[in-house]
Amino acid sequence: MGRVGVLLLNLGGPDKLEDVGPFLYNLFSDPEIIRLPFRWLQKPLAWFIASRRTRTSQENYKQIGGGSPLRRITEAQGEALKEQLGYSGQEANIYVGMRYWHPYTEEAIAQLTQDNIEKLVILPLYPQFSISTSGSSFRLLEKLWQEDPKLQRLEYTVIPSWYKQPSYLQAMAELIAQELDQFPDSNEVHIFFSAHGVPKSYVEEAGDPYQQEIEDCTALIMQTLNRPNSYTLAYQSRVGPVEWLQPYTEDALKELGAQGIKDLVVVPISFVSEHIETLQEIDIEYREIAEEAGIHNFRRVPAPNTHPVFIKALADLVIDALKEPSFKLSQAAQMKKRVKMYPQERWEWGLTTSAEVWNGRIAMLGFIALIIELVTGRGLLHMIGLLQ
Ligand SMILES: C=CC1=C(C)c2cc3[nH]c(cc4nc(cc5[nH]c(cc1n2)c(C)c5CCC(=O)O)C(CCC(=O)O)=C4C)c(C)c3C=C
Ligand SMILES: [Fe+2]
Ligand SMILES: [Fe+2]
């Protein structure tokens with residue numbers, strides 16, 4: 001086998017507060033995050049939403065030290081993976097390709113092409129597949145492949161999702177057991193799986209397998225843990241006014257509080273590294289909601305990060321992928337059920353594509369009105385005193 005490379009895909013996060021605005025702009029420019037019928041609307045709308053969200057988002061990043069730890073942790077995972085692969089006799093170069101911030105996927109691809117990698121394993125650092133995460137990165141890679149004849153000659157294989165990997169399940173079970181054992185009566189503690197949410201329409205209309213994979217993954221972790229604790233699965237981090245997968249984490253916490261639950265262990269299930277949604281959203285926002293609801297003993301399970309059993313899971317995934325027939329990007333982006341990336345739909349309320357279109361159109365009108373107001377100094381915002 002020629003020179004082997006492993007491309008680790010992740011979302012990326014702002015390294016410092018000044019990066020938050022451009023990072024959000026990149027994120028909302030992605031049609032896999034906001035789907036619009038007209039390409040030309042995507043960038044102005046992304047700019048508009050990003051500008052409106054930047055200040056709140058910066059406040060959240062301030063609470064975790066002024067930036068995301070995602071790059072540092074992903075690079076540490078890469079180094080640990082290289083070492084672990086070496087122990088198994090598999091030398092490999094590791095590349096990190098982020099979707100919305102540095103080091104960008106394009107930078108990683110440029111580097112691995114320069115290094116003359118001959119066999120590449122593409123491994124998203126999301127255990128479960130979603131159109132909005134791994135799907136978005138696969139789409140970008142497909143585009144890069146189409147544009148570059150050199151890449152077309154490169155032998156590669158994709159690991160689309162891997163939540164069933166036994167060492168991953170083992171690492172999660174070990175991390176949960178460690179937290180449960182901090183309580184005097186560990187079997188009585190309620191386990192709360194908090195998955196990152198996605199709009200309900202992704203699953204129900206576009207065929208995203210994400211919810212099914214999250215549910216299967218939760219059941220497999222509980223099976224591996226092999227303890228009698230009761231558990232709940234809920235979805236966090238909703239953005240915007242439309243319906244996302246339910247139950248929402250905040251509602252489920254209030255409900256458990258009302259039922260008299262006092263001891264809770266929260267398990268972040270869709271991430272393998274600490275980032276803003278574990279460090280700020282769970283540790284600060286959800287903790288406060290839980291305490292107000294009467295859940296006084298609230299602990300959070302750390303993300304796998306560089307846990308040795310988790311790194312072994314990544315190494316085993318790579319080694320197995322090198323032995324198996326290759327899996328192509330086009331197959332990975334389609335999945336079992338045909339994923340409709342840009343479906344044509346009937347009118348419905350919620351973040352359906354049609355609603356997104358109308359949200360987009362309305363936001364666009366607002367955006368144009370805002371530009372006119374900024375230029376002319378006349379308009380609604382001046383009238384109500386928000387602009388002077
Ligand atoms: C499995 C993980 C994730 C899914 C699914 C996902 C979907 C999704 N996210 C947004 C909007 C935002 N995501 C943001 C940051 C962010 N999201 C994930 C993971 C998933 N997102 C990560 C790892 C991060 C980076 C965190 C960091 O440490 O920097 C943000 C920015 C942060 C904020 O302002 O809250 C937004 C916005 C949507 C709309 C979506 C599905 C359509
Ligand atoms: Fe997100
Ligand atoms: Fe969030």
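Structural data are supplied above this passage.
Residues numbered from 1 in each chain as written. Chains lettered and ligands numbered in written order. Predicted model: local features only at pLDDT ≥ 70, side-chain atom pairs only at ≥ 80, totals over all residues. Heavy atoms only, no water.

Colleague: So what exactly am I meant to see when it comes to a negative patch on the surface here?
Modeller: On the surface, Glu-285, Glu-288, Glu-291 and Glu-292 cluster together into a negatively charged patch. The topology assignment puts Glu-285 in helix α11 (residues 276–292). We classify Glu-285 as partly exposed; its relative accessible area is 32%. (Patch = residues over 30% accessible without salt bridge, like charges linked within 9 Å, V, L, I, M, F, W, Y side chains within 5 Å. Areas by Shrake-Rupley, 256 points an atom, 1.4 Å probe, with all protein chains shown as cover. Salt bridge = Lys/Arg side-chain N within 4 Å of Asp/Glu carboxyl O. Lys, Arg positive; Asp, Glu negative; His and termini not counted. Charge placed at Lys NZ, Arg CZ, Asp CG, Glu CD. Helix = DSSP H or I, 4+ residues; strand = E, 2+ residues; numbered from the N terminus. Buried < 20%, exposed > 50% of the residue type's maximum accessible area, 1.4 Å probe, protein only.)

Colleague: Whenever I open this one, the side chain of Arg-99 confuses me. Can you help?
Modeller: Examined against the element boundaries, Arg-99 turns out to sit in the loop between β2 (93–98) and α4 (105–114). Classification of Arg-99 as buried rests on a relative accessible area of 17%. At a separation of 2.8 Å, a polar atom in the side chain of Arg-99 contacts the side chain of Ser-136. In this structure Arg-99 touches Asn-10, Leu-11, Asp-30, Tyr-104, Thr-105, Ser-136, Ser-137 and Leu-140, once residues within four positions along its chain are discounted. (Polar contact = N/O pair within 3.5 Å; in protein donor to acceptor, adjacent residues only side chain to side chain. Contact = heavy atoms within 4.5 Å.)

Colleague: Help me out: how do you make sense of the site of ligand 1 in this one?
Modeller: The environment of ligand 1 is made up of 27 residues, and the closest members are Arg-53, Ser-57, Tyr-61, Ser-68 and Ile-276. His-196 places a polar side-chain atom, nitrogen or oxygen, 3.2 Å from a nitrogen atom of ligand 1. Considering ligand 1 on its own, with 800 Å² of exposed area, one finds that the protein chains cover 96% of that surface. Sorting elements by how many residues they give to the shell around ligand 1 places helix α1 (residues 20–28) first, with four residues. Here the residues of the shell around ligand 1 are counted per class, giving 16 nonpolar, nine polar and two charged. (Near = heavy atom within 4 Å. Nonpolar A, V, L, I, M, F, W, Y, C, P; charged D, E, K, R; others polar.)

Colleague: Got a minute to help me understand empty space enclosed by the protein in this structure?
Modeller: Space left empty within the atom packing is revealed by a probe, the size of a water molecule, rolled over the atoms. A full pass over the atoms with the stated rule returns one cavity of 30 Å³ or more. Estimated volume of the largest cavity: approximately 30 Å³. When residues of the lining of the largest cavity are traced back to their parent elements, those giving at least two are β5 (190–196), α10 (249–258) and α11. Per-class residue counts for the lining of the largest cavity are six nonpolar, three polar and no charged. (1 Å grid on protein atoms, 1.4 Å probe; cavity = no way out; pocket = protein on both sides within 12 Å on 5 of 7 lines; lining within 4 Å. Points joined across faces, edges and corners; volume = space filled by probe spheres on them.)

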